[in-house]
Amino acid sequence: MSAYALILDDHPLVARGVAEFLRARLPQLEVVVAGGADDLLRWVDERGTPAIALIDFWLAEGAAVGLIAQVRSHYPGTPIAVISGDDDPAVMEQARQAGAQGFIHKQAAPETFGVAVEALLSGQTWFTPSTLGSQPPRNRDLPVTPAELGLSARQGEILALVLQGLPNKRIALQLDIAESTVKEHVTGILERLRVRTRVEAITLLRGRRLELS
């Protein structure tokens, strides 16, 4: 069978975007998308060992540490790249310890993402610490408060984490609230911003700096 890249991300829009990018960048690779851990294992059973596996760190069932270790154990020749919107340095370190050869932040530039994948395919590693949270705000980013967006203070806190690319489960853990509560707030935020998806919300607020009191 032809070489293929396997993407695991339970956010369909993100997974589709990564897949389309890889197909354009590396046309010699087929690209398949898994929506969950079981789906990933089914693809491997059907297609054999992938040329590279890109696994989202935060899945609906929690951190993918165990799955990364499982893939590493059963398919030692497959380079694993963990992708995440999480800025916590511990996430990258956990991915490394679980057996991943690379960590790519979801806010990385497309060119950086492409170079990282090519490096992993050539047998190299790719661990670049994220500096997103340590950079000072850019002067051209206009400040905006939750109130100006018609949001409550709690919705503002959740929106700030959504803009970082964090999934509901991670937001719930960070704010110590129920995941169902996060989901309700996210729905309310999207309705207030008059957008349908998180990606549309991020696009809408590009060039704006959310300021929490």
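Residues numbered from 1 in each chain as written. Predicted model: local features only at pLDDT ≥ 70, side-chain atom pairs only at ≥ 80, totals over all residues. Heavy atoms only, no water.

> Whenever I open this one, helix α4 (residues 89–98) confuses me. Can you help?
Side chains that are three or four residues apart share a direction in an α-helix, a result of its 3.6 residues per turn. If you check which residues of α4 are buried, you get V91, M92, A95 and A98. Projected down its long axis, α4 shows its buried positions confined to an angular sector of 130 degrees, all on one face. For α4, the exposed residues set more than 90 degrees away from the buried face come down to P89 and Q97. Residues of α4 that are buried make contact with β4 (58–59), α3 (65–74), β6 (80–84), β7 (102–105) and β8 (126–127). Count one or two residues on from α4 and you reach G99, which has phi positive near 120 degrees. (Buried < 20%, exposed > 50% of the residue type's maximum accessible area, 1.4 Å probe, protein only. Helix = DSSP H or I, 4+ residues; strand = E, 2+ residues; numbered from the N terminus. Arc of directions from axis to C-beta. Contact = heavy atoms within 4.5 Å.)

> Would you explain the sheet that holds β7 in this entry?
Strand pairing in a sheet relies on backbone hydrogen bonds, with the paired strands running either antiparallel or parallel. Pairing is parallel in the open sheet, where six strands are placed in the order β2-β1-β3-β6-β7-β8. The two strands at the open ends of the sheet, each matched to only one other strand, are β2 (30–34) and β8. Two strands pair when backbone bridges link them, and strand β1 (residues 4–8) and β2 are joined in this way by five bridges, in the parallel orientation. Counted as the bridge partner of L8 is A34 from β2. (Pairing = 2+ DSSP bridges.)

> Just checking my understanding: could you explain the packing of α3 against α4 for this structure?
When two helices pack together, you describe them by how their axes are tilted relative to each other and by the distance separating the axes. For the pair α3 and α4, interaxial distance at closest approach is 8 Å and the crossing angle is 30 degrees. With respect to each other, α3 and α4 are oriented roughly parallel. As for the relative orientation of α3 and α4, their crossing is right-handed in sense. The segment α3 lies against α4, with V65, I68, A69 and R72 engaging Q94, A95 and A98. Within the contact of α3 with α4, the residues separate by chemical class into five nonpolar, one polar and one charged. (Axes fitted to C-alpha atoms, helices over the stretch in contact; angles between N-to-C directions. Parallel < 35°, antiparallel > 145°, perpendicular 65-115°, else oblique. Left-handed = near helix turned anticlockwise from the far one by under 90°. Nonpolar A, V, L, I, M, F, W, Y, C, P; charged D, E, K, R; others polar.)

> I tried to follow the packing of aromatic side chains on my own but got confused; where do I start?
Working definition: an aromatic ring pair is given by the centre-to-centre distance plus the angle between the planes. Taken as a whole, this structure holds two aromatic pairs when the rule is applied. A centroid spacing of 5.7 Å and a plane angle of 70 degrees characterise the contact between F21 and F113, whose relative ring orientation is edge-to-face. Placement of F21 in helix α1 (residues 12–25) and of F113 in helix α5 (residues 110–121) is noted, with a sequence separation of 92 residues between them. Taking relative accessible area as the criterion, F113 reaches 10% and is therefore assigned buried. Measuring from centroid to centroid gives 5.2 Å for F57 and W58, while their planes differ by 80 degrees, and the two rings are edge-to-face. Each member of the pair, F57 as well as W58, carries the same accessibility label: buried. The ring of Y4 has R47 sitting right over it, with the charged end atom 4.8 Å from the ring centre. (Phe/Tyr/Trp six-rings, centres within 6.5 Å; stacked < 30°, edge-to-face > 60°. Lys NZ or Arg CZ within 6 Å of the ring centre and 35° of its normal.)

> Would you mind going over the confidence of the model for the protein with me for this structure?
Low pLDDT means the predicted coordinates in that region are not meant to be read closely. Of the residues in the protein, 93% reach a pLDDT of 70 or more, and the chain-wide mean stands at 87. For the stretch residues 130–140, pLDDT sits under 50, and the model shows nine contacts to residues farther than four places along the chain or on other chains. (pLDDT = per-residue confidence, 0-100.)

> Help me understand the pairing of strand β3 (residues 52–56), please; the structure alone is not making it clear to me.
Side-chain direction in a regular strand flips from residue to residue, so the side chains alternate between the two faces of the sheet. Taking burial as the measure, the five residues of β3 include five buried ones, the bulk of the element. Here β3 shows a buried face lined by I52, L54 and D56 and a second buried face lined by A53 and I55. Taken together, the four bridges between β3 and β6 define a ladder with parallel strand orientation. Bridging across to β6, I55 finds its partner in V82.

> I keep staring at the pattern of salt bridges and nothing clicks. Help me out?
The tally for this structure, following the rule as stated, stands at twelve salt bridges. Across the salt bridge formed by K106 and D9, the nearest N and O atoms sit 3.2 Å from each other. Taken together, the residues K106 in the loop between β7 and α5 and D9 in the loop between β1 and α1 connect sequence positions 97 residues apart. A salt bridge links R42 to D39; the shortest N-O distance between them is 2.6 Å. Of this pair, R42 and D39 both sit in helix α2 (residues 37–47), three residues apart, roughly one helical turn. Relative accessible area serves as the criterion here: at 38%, R42 is assigned to the partly exposed category. Overall, D39 belongs to the partly exposed group, its relative accessible area being 22%. (Salt bridge = Lys/Arg side-chain N within 4 Å of Asp/Glu carboxyl O.)

> I keep staring at empty space enclosed by the protein and nothing clicks. Help me out?
Once rolled over the atoms, a probe with the size of a water molecule shows which space is left empty. What the rule picks out here adds up to two cavities of 30 Å³ or more. A volume near 40 Å³ is recorded for the largest cavity. Lining the largest cavity we find L6, L40, V44, P50, A53, V71, Y75 and T78. Split by residue class, the lining of the largest cavity holds seven nonpolar, one polar and no charged. In this structure, the second largest cavity occupies an estimated 30 Å³ of space. What lines the second largest cavity is L159, V162, V186, I189, L190, R198 and A201. Elements that contribute at least two residues to the lining of the second largest cavity include exactly α6 (153–163), α8 (179–193) and α9 (198–204). Sort the elements by how many residues they give to the lining of the second largest cavity and α8 lands first, with three residues. Among the residues making up the lining of the second largest cavity, the classes are represented as six nonpolar, no polar and one charged. (1 Å grid on protein atoms, 1.4 Å probe; cavity = no way out; pocket = protein on both sides within 12 Å on 5 of 7 lines; lining within 4 Å. Points joined across faces, edges and corners; volume = space filled by probe spheres on them.)

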